[in-house]
Amino acid sequence: MLKTSYLLSNKDEVIILLSKRGFDANNMVNEIIALDKKRKSIQVQYEETLAEINSISKTIGELFQSGEVSKTKPLKDKSSDLKKLSKDLASGLEDYKAKINSYLLQIPNIPHKDVPAGNDEIDNKIIYESKLDFDKNLTEPHWDLAKKYDIIDFELGTKITGSGFPVYKGMGAKLQRALISFFLDYNTDAGYEEVQIPHLVNENSAYGTGQLPDKEGQMYVVSSENLYLIPTAEVPITNIFRDVIISESDLPIMRTGYSPCFRREAGSYGSDVRGLNRLHQFDKVEIVKIEHPKESYHSLQKMKNHIEGIIKKLDLPYRIVTLCGGDLGFTSALTYDFEIFSPAQEKWLEVSSVSNFETFQSNRLKIRYRDNKGNIDLVHTLNGSALALPRVLAAILENNQSHDGINVPKVLQKYTGFSIIK
RNA sequence: AGAGAGGUGGCCGAGUGGUCGAAGGCGCACGCCUGGAAAGUGUGUAUACACCAAAAGUGUAUCGAGGGUUCGAAUCCCUUCCUCUCUGCCA
């Protein structure tokens, strides 16, 4: 969520940059500015009224102590009247605040200058792409391979829960565990502190990272407890720092965590959801950084390189794209997507997304830092997948298939204890 | 889940209707003292929003959260969340 004060002082720039997303902010921004002006004038009146009530009450207190009780009556009456007035002003003030807030919630983050203009993924800018050389005779899709080697059972998951909840079996399960361990080790070696976090979060947390109210329909809800199953570990990890003022010298804060992710994925169908392409429950290792505003873009590059390093270790064909305005997530200012090639589907599968949210999340979450002069300001938050498992697994199955079986990437072998699935 | 106790500033802790944003202590910062340090000593020490060109200053709100009573609420009432102790259940 953007700050009203930022909109006030950067109005024209905001409108121009948001147009890169195809978002016309002109009316909304003007409306917010007008509403905020009214809000301020009411707030002044309201606070003046309260100040008068406070001073009358003080006087009454003094009169009581000096025994002049009879003099208090007219003051009490006046104060009661003011109280009524203040209630009206308060409700007016709340109305304005609510209206301003509802507009602010509709405005996406301001794209960074590097974000290419464009409406959809066609306009994403490919900044790196591996040369593809796979054996055209070995392009069985991962769902067939999974069945052939009996490592993932989609039907069984459907029986137990429903579609999109696969059961990983034997070497498949072990490979999953190996991937999680490898990712976590790789991340902690780079300085990310590992955390284990709750997989259910409350309303405040879901609101803080922007799942509420925007993406309410994407989350599973435990209504009896008023809790939400996390769609990503980003939610609990980032919320660790909600309402916290961090001292500047502690920045950056780097965390990594594994969690299952739960997504309803309403509206998805067809080949998009085939096999491991899109699941309701999947595993992911996440990295989160809380960063000084001055450092955040430098940090984003480092995270990008870090994630690229993981994929290289797995020795899978990949590409990196800069998301264009139209494809950019609501809360992000700049996002790089990492995609791994699926030879069987002949398409690129997104396995990671790394973003700088600047102050968009920290403003909602009230994550701030204090510099050595004592000034307080919002931090920048960044996060990325490092990595999401299912599509990595799909890519390993498809890219590493051979006549003898599936070759396990070298880096994973010390975790799996086997080098080939057959 | 049942019974009881309780939630106050970075931490501990006083405060049960009236100049209380809140005593006292610890911690922290700065100064004095010291050859240096410790001890001692003095001062300061929340956040948000608003007024102001800005600083200084001032106002408003915040004592788990949300409502209410009252001229006035940390203090009284209601709702709710959380913590602790005992009992129950249990990986």
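Along each chain, residues carry numbers from 1 onward, in the same order as the chain's sequence is written. By the order in which they are written, chains take letters starting at A while ligands take numbers starting at 1. Given that this is a predicted model, residues contribute local features only at a pLDDT of at least 70 and side-chain atom pairs are listed and counted only at 80 or more, while totals for whole chains, interfaces and linings are drawn from all residues. Here the side-chain values reflect all heavy atoms present in the structure, with hydrogen atoms and water set aside.

As for unusual backbone geometry
- Cis geometry is found at the peptide bond from Leu251 to Pro252, where omega equals -5 degrees.
- Here a helix means four or more residues in a row that DSSP labels H or I, a strand means two or more in a row labelled E, and each is numbered from the N terminus. Secondary-structure assignment places Pro252 in the loop between β8 (245-247) and β9 (253-262).
- A cis amide bond, omega -5 degrees, links Ala386 with the succeeding residue Leu387.
- The residue Leu387 is located in strand β16 (residues 380-388) in this model.
- Backbone geometry at Asp315 places phi at a positive 60 degrees, although glycine is not the residue there.
- Position of Asp315 relative to the elements: it lies in the loop between α10 (296-314) and β11 (318-322).
- For every residue, the accessible area obtained with a 1.4 Å probe (protein chains only) is divided by the maximum for its type, and the residue is called buried under 20%, exposed over 50%, and partly exposed between those limits. The class of Asp315 is exposed, set by a relative accessible area of 65%.
- The phi angle at Lys366 is positive, at roughly 55 degrees, despite the residue not being glycine.
- If you trace the backbone, Lys366 turns up in the loop between α11 (360-365) and β14 (368-370).

Observations concerning the pattern of salt bridges
- Salt bridges, as used here, are contacts in which a Lys or Arg side-chain nitrogen is within 4 Å of a carboxyl oxygen on Asp or Glu. This model, assessed by the stated rule, comprises 15 salt bridges.
- Across the pair Asp153 and Lys169 runs a salt bridge, and its minimum N-O distance is 3.3 Å. Here Asp153 is found in strand β2 (residues 152-153), whereas its partner Lys169 is found in the loop between β3 (167-168) and α7 (171-189), with 16 residues between them in sequence.
- A salt bridge links Glu339 to Arg319, with the shortest nitrogen-to-oxygen separation between them at 2.6 Å. Remark: Arg319 occurs in strand β11 and Glu339 occurs in strand β12 (residues 334-342); sequence separation between them is 20 residues. Across the pair, Arg319 and Glu339 agree in class, each one buried.
- Taken together, the shared-partner salt bridges in this structure form one network comprising Glu129, Arg319 and Glu339.

Here's the deal with the protein's contact with RNA strand B
- Any residue with a non-hydrogen atom lying within 4 Å of a molecule or strand is treated as near it. Neighbouring RNA strand B are 22 residues; Gln43, Glu47, Ser57, Ser79 and Arg370 lie closest to it.
- Each atom of RNA strand B within 4 Å of the protein was classed as base or backbone; sugar and phosphate made up 60%.
- Only α3 (26-65), α4 (72-106) and β14 provide two or more residues apiece to the surface near RNA strand B.
- When residues in the surface near RNA strand B are grouped by element, the largest group, 13 residues, is from α3.

Concerning the packing of aromatic side chains
- Whether two aromatic rings pair depends on their centres lying within 6.5 Å, for rings of Phe, Tyr and Trp, where Trp uses its six-membered ring; planes under 30 degrees apart make the pair stacked, over 60 edge-to-face, and the rest tilted. Across all of its chains, the model carries 8 aromatic pairs by this definition.
- Ring centres 5.7 Å apart and planes at 45 degrees place the aromatic pair Phe182 and Phe183 in the tilted group.
- Overall, the relative accessible area of 0% leaves Phe183 in the buried class.
- Plain terms: the ring middles of Phe330 and Phe360 are 5.9 Å apart, the flat faces sit at 80 degrees to each other, and that makes the pair edge-to-face. Highlighted residues: Phe330 in the loop between β11 and β12 and Phe360 in helix α11, separated in sequence by 30 residues.
- According to the relative accessible area criterion, Phe330 is partly exposed, its value standing at 27%.
- Among the aromatic residues, those joined into a cluster by ring pairs are Phe182, Phe183, Tyr186 and Tyr415.
- Two limits define a charge over a ring: the Lys NZ or Arg CZ must be within 6 Å of the ring centre, and within 35 degrees of the ring normal. Across from the ring centre of Tyr336, 5.0 Å away, lies the NZ or CZ of Lys304, which sits over that ring.

Considerations on the pairing of strand β10 (residues 281-291)
- Counting buried positions over the 11 residues of β10 gives 10, a clear majority of the element.
- Following DSSP output, two strands are said to pair if at least two bridges run between them. One ladder, built from 10 bridges, connects β9 with β10; its direction is antiparallel. By the bridge assignment, Phe262 is partnered in β10 with Gln281.
- As judged from the 7 bridges shared by β10 and β16, these two strands associate in the antiparallel manner. Within β16, the position partnered with Lys289 by the bridge is Leu382.

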